[in-house]
Amino acid sequence: MIEFDKNPDVHFFLCRQCRAHIALDEEHLLIDVMNVGVIFSNAVNVEVEDNPRRHIIAGICTAAEARCSRCMLHLGWKFVRVPDEHFVFQAGRFLLYLECLMLWNGSKTFCPVEESESEEENDTDG
Ligand SMILES: [Zn+2]
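The name an unreviewed UniProt entry assigns to the chain is Protein yippee-like, from the organism Actinidia chinensis var. chinensis. Regarding the chain, the relevant UniProt record gives this comment under Sequence similarities (unreviewed entry): "Belongs to the yippee family."

Okay, here's the thing in structure tokens:
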């Protein structure tokens, strides 16, 4: 397992389930892809399936499942084939779900997105 230095100058993402170190914040290219994920140029401690079953993400590309190599949590995808490479969508890059990740921001580890809560406001007639 690769471990990043946990110091104030290094920000990185961890597996939310087992806290394995996954990707450096500086490797992230784009946050909030379809409001769910982050594109990384590289990731560590992830298992990528050898034989991608041609998963298609939003009609954009073929991708292989990427799982945490410690706990096997499905973290996201690795782009295998991108017919129309542009911007950050290129083969070899990772799309990881924010809801599967924690973020070390130099001083603490926290969830970059909370699980969606449904807050309801009750209107009461006076
Ligand atoms: Zn894990």
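J.: Is there a simple way to explain the packing of aromatic side chains in this structure?
T.: The description of an aromatic ring pair uses the distance of the two centres, along with the angle that the planes make with each other. Summed over the entire model, instances satisfying the criterion amount to four aromatic pairs. Here the aromatic rings of phenylalanine 79 and phenylalanine 89 are separated by 5.9 Å at their centres, their planes lie at 45°, and the arrangement is tilted. With phenylalanine 79 in strand β8 (residues 74-81) and phenylalanine 89 in the loop between β8 and β9 (94-97), this pair connects stretches of sequence that are ten residues apart. One aromatic cluster is present, formed by Phe4, Phe12 and Trp104 through successive ring pairs. Taking the ring centre of phenylalanine 110 as reference, the NZ or CZ of lysine 108 above it sits at 5.4 Å.

J.: Can you walk me through the pairing of β8 in this structure?
T.: A regular strand places its side chains on the two faces of the sheet in alternate fashion. Note that strand β7 (residues 61-68) and β8 share six bridges and pair antiparallel. Across the sheet, alanine 63 pairs through a bridge with phenylalanine 79, a residue of β8. The pairing of β8 with β9 spans three bridges and is antiparallel. Bridge assignment links lysine 78 to a residue of β9, and that residue is phenylalanine 94.

J.: I tried to follow the environment of leucine 75 on my own but got confused; where do I start?
T.: With respect to the helices, strands and loops of the structure, leucine 75 is situated in strand β8. You can call leucine 75 buried: its relative accessible area is 0%. Excluding its chain neighbours within four sequence positions, the residues that come into contact with leucine 75 are Cys15, Ile22, Val46, Ala66, Arg67, Cys68, Leu95, Leu96, Tyr97, Cys100 and Leu101.

J.: So what exactly am I meant to see when it comes to the coordination of the zinc ion here?
T.: Each donor-metal-donor angle would ideally measure 109.5 degrees in four-coordinate tetrahedral geometry, or 90 or 180 degrees in six-coordinate octahedral geometry. Around the zinc ion, the protein supplies Cys15 (SG), Cys18 (SG), Cys68 (SG) and Cys71 (SG) as donor atoms, at distances of 2.3 Å. Because the angles between the four donor atoms bound to the zinc ion fall within 101 to 116°, the donor set is best described as tetrahedral. Judged by its relative accessible area of 0%, cysteine 15 is buried. Residue classification places cysteine 71 among the partly exposed residues on the basis of a relative accessible area of 24%.

J.: It is not clear to me how the sheet that holds strand β2 (residues 21-24) should be interpreted in this structure. Could you clarify?
T.: Through backbone hydrogen bonds, the strands of a sheet pair up, either in parallel or in antiparallel fashion. Ordered in space as β2-β1-β10-β11, the four strands form an open sheet in which the pairing is antiparallel. Lying at the two open borders of the sheet, with one neighbouring strand each, are β2 and β11 (109-110). Looking at chain direction, strand β1 (residues 12-15) and β2 are connected through three bridges and run antiparallel. Within the sheet, the bridge partner assigned to phenylalanine 13 lies in β2 and is alanine 23.

Parameters and conventions
- Residues numbered from 1 in each chain as written.
- Predicted model: local features only at pLDDT ≥ 70, side-chain atom pairs only at ≥ 80, totals over all residues.
- Heavy atoms only, no water.
- UniProt positions renumbered as here; feature names shortened; annotations may be inferred.
- Phe/Tyr/Trp six-rings, centres within 6.5 Å; stacked < 30°, edge-to-face > 60°.
- Helix = DSSP H or I, 4+ residues; strand = E, 2+ residues; numbered from the N terminus.
- Lys NZ or Arg CZ within 6 Å of the ring centre and 35° of its normal.
- Pairing = 2+ DSSP bridges.
- Buried < 20%, exposed > 50% of the residue type's maximum accessible area, 1.4 Å probe, protein only.
- Contact = heavy atoms within 4.5 Å.
- Donors = N, O, S within 2.8 Å, 3.2 Å for Na, K, Ca; no water.
- Tetrahedral: all angles 85-135°; square planar, octahedral: opposite > 155°, others 65-115°.

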